[in-house]
Amino acid sequence: MSASARPTHDAATEPYQPVFAGKVLEELQSLLGRYPTKQGALLPALWLVQRQRGWISDRDMTEVAAVLGLTPAYVKGVVTFYTMYHQHPVGQNFVQVCTTSPCNICGAEDVVRALLQATGAKELGATSPDGRWTVIEVECLGACGFATPVLINDDFIESVSPEKVPDLVKRYR
Amino acid sequence: MGYPHKPHAKETKVLSKYFGDPEARTYKGWVKRGGYEAWRQAQTLAPAAITDLVKESGLRGRGGAGFPTGLKWSFMPKDKKKPHYLCVNADESEPGTFKDREIMRWTPHALLEGTAIAMRAIQAEVAYVYIRGEFTEPYAIMAQALAEATAAGAFGDLKIHLHRGAGAYICGEETALMNSIEGKRGNPRIKPPFPAAFGVFGMPTTINNVETLAAVPPILTNGPAWYKKMSLSNPKSTGTKLFSVCGHVQKPGNYELTMGFPLKDLLFELCGGMRPGRTLKACIPGGSSVPILDRAETEACLLDYEGAVERGTMLGSGGVIVFDDSADMVYQIMRLARFYAHESCAQCTQCREGTAWTTKILERILAGQGKATDLDLLLDLSENMTGKTICVLSDSCAAPVVSGIKKFRGEFEDYIAGKRKPVLVA
Ligand SMILES: Cc1cc2nc3c(=O)[nH]c(=O)nc-3n(C[C@H](O)[C@H](O)[C@H](O)COP(=O)(O)O)c2cc1C
Ligand code: SF4
Ligand code: FES
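**Digging into the overall build of chain B**
- Across its full length, chain B holds 18 helices and 11 strands.
- Here the C-alpha atoms of chain B give a radius of gyration of 22 Å, agreeing with the 22 Å that 2.2 N^0.38 yields for 426 residues.
- The dimensions of chain B, computed from C-alpha atoms along their principal axes, are 70 × 45 × 35 Å.
- Taken over 426 residues, chain B has a buried fraction of 57%.
- If you take every contact in chain B between residues at least 6 apart in sequence, the share linking residues at least 24 apart comes to 72%.

Put into C-alpha cells, the structure is as follows:
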C-alpha cells in the first residue's frame, strides 16, 4: 500500500463532483447489501469518501446524507465521533504515532520528536510547509509489543526507533 | 511485518501453533493443516449440541469480562422468530493488548471457522467482524481469507461481513460496537435490554471476542474434556490463553499459556526478564483497565481469572504491561488517565468530568503544582467514577489511579513536596 492521491476541491470555485459515481457508486451499492438498513452503510460510505478525497468536507457529508437517506447534521454528528475521519485536509502523508503508556515507557515520545524533525512538520497536528506531512500522537494502536508502532497513511510500521526515522521518512519522499 | 518470537517450551501452542507460517493464511493451507474439519463436524450437530460442547469445555470470554461462552450462546432465543446476528469484536484497543491482531494476521481462517460455528450455534445468518480502523494489515488479510473461503463455498448460506471501525476505543464495548455497525455514534447503550434480546439492528445478537471464537474449532475437534484438562490452578479457568507482554521486558510478544501459569515465570523465563541492570517495579496483567500490581504481587500472581482476583486485580484481556525501576509511575498513570479522558464517549457526567479532572490533577502534580490534598481528591473522584455509569470505561480509568496511589504513593508525594523535578510545564 502506498500514499493515495489526495485530490482536493475548492468549493468556492469548482462545481461539486459527486463521490458516488461510476465504480465508487457500484462499491457503495454492494455495501448496501450487507446491512438491513441504509444507515448501516454509513461508516463504510464515509471510508469511501475519505479514500477518494483524502478528507470529508461538509459538502461530501451532504452527499452521503442524500445517498443514504439521512440528514447532513446526522452525518456530521457521526463523522465527529470517530477520530480517523478527517474533517480538514491533511498532509499528503498522515503519520500517527502511539504514545500511550506501554509505548511511552519504550521511548515513543522520542520517536515523535524525531518524526517532527525529519518531516519538517514542526508541531503536532500541523502540516509541514511543503504540504507533505502531518504528524499526530494517537492512543494505543494495538501493537504494544512492537513499540513504537507508527501508521503512515495505510502502512502500519512496527518497532520504530528514533534512529530508524530518517530512513523511514525518505521512503515517502 | 514483525514475526512472532520463537516458541518457548513452556508454552502450550493451540491458537498460536501456526503464527509465523504464511501458508496457514491461505484457504488451502488451512485445510491442509486440519482446518475447517471442526466446521464440518459442527454442521452435523444441532445448534444446542454445539453450545453444550462449548459449555462443557469451560471456555470463557477472552475480550475482558471472562463470561462463560457456552452460557452466553444459550441466552439466544431457541425458537427463532427474527433474524439473529453474531458480532465479532476485533476492535482490540485496550492498551497492552495485541493478541487479536496476531490471530487475524496469521490464522484468519481460525477466526472465520470459529465464527461460522458460533453462527450455527446461535442460529445467526449474518455476522459482522468489527475490525478497528487502524488495523489495515489484519483487515486486508481477513478480507483475502474471507474471499477465498467464500469462493470455496465454505460457509454455505452464512454471510460474514467485515466492518471497519474509524478510531474509537469505546466501540469495543459491546453495545457501542452494535451502534457503530448501525451507522451511529459509538455510544454504549443502557442495559437491559441485553444483546441476546435486543442487539444489533434491534435483533437477538451475540458478541464474542476474536480469541474466544478462534478457540472454538480446536474444542470441537479435540473434545471439551481435552480443553478442560488444560488448567494449572483453578478448574474454573480452562484452556490456553494468549498473553500479550509489552513494556520493559527483553522479549515482548504474544505467549500462549495454559490457564494458571505463574506470571513471574512468564516475565522472567519466557520474556527474558528485565533489561540488564534493571529490576521489576510494577505490572498490569490484564490490559490497562485493571489494577496495577507491585513487584511482590506480580511475583505471586497466577495467570487465571481467579488467580488475578486473588491478587486484587483482574485477568481482563491478558495484556501484560511491565514497568521496571526506570518507570515514572505518576507520569504513566497520567498517560493512562489521558487515554480514558480521550476515549470517554461523554454520555455520563461522572465519566466525562471524572476522566478529564483526573487527568488535569495528575498533570498539575507532574508540573510541580500539586497540592497536599490532591491525592485524596483523586481518590474521591475515582470513587465517584466507579459503579455509577452506563459502561465500565469510567471504572477503568479509576483502576490504575486508585491502585497506583495505594502502591506508589511516595512517588506522587515527592512531586507534590517538590522533591522531584517537574516533568511537565504548567
Ligand atoms: C470500554 C470497553 C472497551 C472494550 N473493548 C473491547 C475490545 O476492544 N475487544 C473485545 O473483545 N472486548 C472489548 N470489551 C468487552 C466487550 O464489551 C465484550 O465483553 C466482549 O467483546 C465479549 O466477548 P467475549 O465474551 O468473547 O469476551 C470492551 C469493554 C469495554 C467496557
Ligand atoms: S462510562 Fe464513559 S464511556 Fe461509558 S457510556 Fe458513560 S461516558 Fe460513555
Ligand atoms: S500502547 Fe502503543 S500500541 Fe498499544
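**Here we look at the pairing of strand β1 (residues 93-98) of chain A**
All names here are of chain A.
- In terms of burial, β1 is a largely internal element, six of the six residues being buried.
- Side chains of β1 alternate between two faces, with N93, V95 and V97 and F94, Q96 and C98 buried alike.
- Note: β1 against strand β2 (residues 133-138), six bridges, orientation parallel. Bridge assignment links V95 to a residue of β2, and that residue is V135.
- Inspection of the sheet shows β1 paired to strand β3 (residues 150-152) by three bridges, in the antiparallel sense. Looking across to β3, one finds that Q96 is bridged to L151.

**Considerations on helix α15 (residues 329-343) of chain B**
- Between its first and last C-alpha atoms α15(B) spans 21 Å; for 15 residues at 1.5 Å apiece the expected length is 21 Å, and the two agree.
- For α15(B), the buried fraction is high: 13 of the 15 residues fall into the buried class.

**What to know about the packing of α15(B) against helix α16 (residues 349-366) of chain B**
All names here are of chain B.
- Remark: α15 packs on α16, axes separated minimally by 8 Å, with the N-to-C direction vectors making an angle of 155°. Put simply, α15 runs roughly antiparallel to α16. Considering only the axes of α15 and α16, their crossing is left-handed. Where α15 approaches α16, its residues V330, Y331, I333, M334, A337, R338, Y340 and A341 are matched on the opposing element by T355, A356, T358, T359, L362, E363, I365 and L366.
- Partitioned by chemical class, the residues of the contact of α15 with α16 number 11 nonpolar, three polar and two charged.

**Concerning the site of ligand 1**
Residues and elements named next belong to chain B.
- Around ligand 1 lies a shell of 23 residues, among which G61, G63, G172, N209 and T212 are the nearest.
- Looking at the shell around ligand 1, the element that brings in the most residues is strand β4 (residues 205-209), giving three residues.
- Looking at the shell around ligand 1 residue by residue, the classes come out as seven nonpolar, nine polar and seven charged.

**A closer look at the interface of chain B and chain A**
- At the junction of the two partners, chain B supplies 47 residues and chain A supplies 37 residues.
- Looking at the side of chain B that touches chain A, the elements with two or more residues in it are α7 (136-151), β3 (159-164), α8 (174-181), β5 (240-247), β6 (253-258), β11 (319-324) and α15 of chain B.
- If you tally residues by element for the side of chain B that touches chain A, the top one is α15(B), at six residues.

**Describing helix α6 (residues 108-119) of chain A**
Residue and element names in this part refer to chain A.
- An ideal rise of 1.5 Å per residue puts 16 Å on 12 residues; α6 measures up with 16 Å between its terminal C-alpha atoms.
- Every buried residue of α6 is listed here: A108, V111, V112, A114, L115, L116 and T119.
- The inward-facing, buried residues of α6 contact β1, α5 (101-104), β2 and α7 (165-170).
- Two residues or fewer after α6 comes G120, characterised by a positive phi angle close to 75°.

**Quick notes on the site of ligand 2**
Residue and element names in this part refer to chain B.
- Neighbouring residues of ligand 2: 14 residues in total, closest C345, C348, C351, T389 and C391.
- Elements with a contribution of two residues or more to the shell around ligand 2: α16 and α18 (393-416).
- Classifying every residue of the shell around ligand 2 gives nine nonpolar, four polar and one charged.

**What to know about unusual backbone geometry**
- Between A147(A) and T148(A) the backbone carries a cis peptide bond, its omega angle lying at -5°.
- For T148(A), the location among the structural elements is in the loop between β2 and β3.
- In this model, P192(B) is joined to P193(B) through a cis peptide bond whose omega is 5°.
- At N153(A), a residue that is not glycine, the phi angle is positive and equals roughly 50°.

**Concerning the environment of L48(A)**
Residues and elements named next belong to chain A.
- Take L48: it is sitting in helix α2 (residues 42-53).
- According to the C-beta neighbour criterion, L48 is partly exposed, with 18 such atoms within 10 Å.
- Counting along the chain gives 28 residues from L48 to F20, while the straight-line C-alpha distance between them is 8.8 Å.
- If sequence neighbours within four positions are ignored, L48 has contacts with V19, V24, E27 and L28.

**Quick look at the sheet that holds strand β9 (residues 293-294) of chain B**
All names here are of chain B.
- Judged by pairing direction, the sheet is mixed, and its five strands sit side by side in the order β6-β5-β11-β8-β9 without closing on themselves. Single-partner strands in this sheet number two, and they are β6 and β9.
- Looking at chain direction, β5 and β6 are connected through six bridges and run antiparallel. Counted as the bridge partner of K241 is L257 from β6.

**Section: the domain arrangement of chain A**
- Assigned domains of chain A: these are domain 1 (3-81) and domain 2 (93-172).
- One C-alpha centre belongs to domain 1 of chain A, the other to domain 2 of chain A; they are set 28 Å apart.

**A few points about the nonpolar core**
- Counting 180 residues, the largest nonpolar core has A45(A), C87(B), V88(B), I117(B), A127(B) and L266(B) as its most contacted members.
- Element by element, the count of residues in this core is highest for α18(B), at 10 residues.
- Residues lining this core come from more than one domain, with at least three contributed by each of domain 1 (3-81) and domain 2 (93-172) of chain A.
- Other than its neighbours up to four places away in sequence, V88(B) contacts T115(B), A127(B), Y128(B), V129(B), Y130(B), N208(B), V210(B) and L213(B).

**Here's the deal with the environment of V309(B)**
- Among the structural elements, V309(B) can be located in helix α14 (residues 305-310).
- It is 9.9 Å that separates the C-alpha atoms of V309(B) and P291(B), two residues lying 18 residues apart in sequence.

**Quick notes on the sheet that holds β4(B)**
Residue and element names in this part refer to chain B.
- The parallel open sheet is built from four strands, whose spatial order is β3-β2-β1-β4. The two strands at the open ends of the sheet, each matched to only one other strand, are β3 and β4. Each strand axis lies, on average, 20° off the axis of its neighbour in the sheet, ignoring direction.
- The pairing of strand β2 (residues 126-131) with β3 spans six bridges and is parallel. When the bridges of β3 are listed, Y130 appears paired with H163.

So, how was this worked out
Residues numbered from 1 in each chain as written. Chains lettered and ligands numbered in written order. Predicted model: local features only at pLDDT ≥ 70, side-chain atom pairs only at ≥ 80, totals over all residues. Helix = DSSP H or I, 4+ residues; strand = E, 2+ residues; numbered from the N terminus. Rg over C-alpha atoms; globule rule 2.2 N^0.38 Å. Buried ≥ 20, exposed ≤ 12 C-beta atoms within 10 Å, placed from the backbone. Contact = placed C-beta atoms within 7 Å. Pairing = 2+ DSSP bridges. Expected span 1.5 Å × (residues − 1). Axes fitted to C-alpha atoms, helices over the stretch in contact; angles between N-to-C directions. Parallel < 35°, antiparallel > 145°, perpendicular 65-115°, else oblique. Left-handed = near helix turned anticlockwise from the far one by under 90°. Nonpolar A, V, L, I, M, F, W, Y, C, P; charged D, E, K, R; others polar. Near = placed C-beta within 6 Å. Domains from an automatic or database assignment. Core = buried A, V, L, I, M, F, W, Y, C linked by C-beta atoms within 7 Å.

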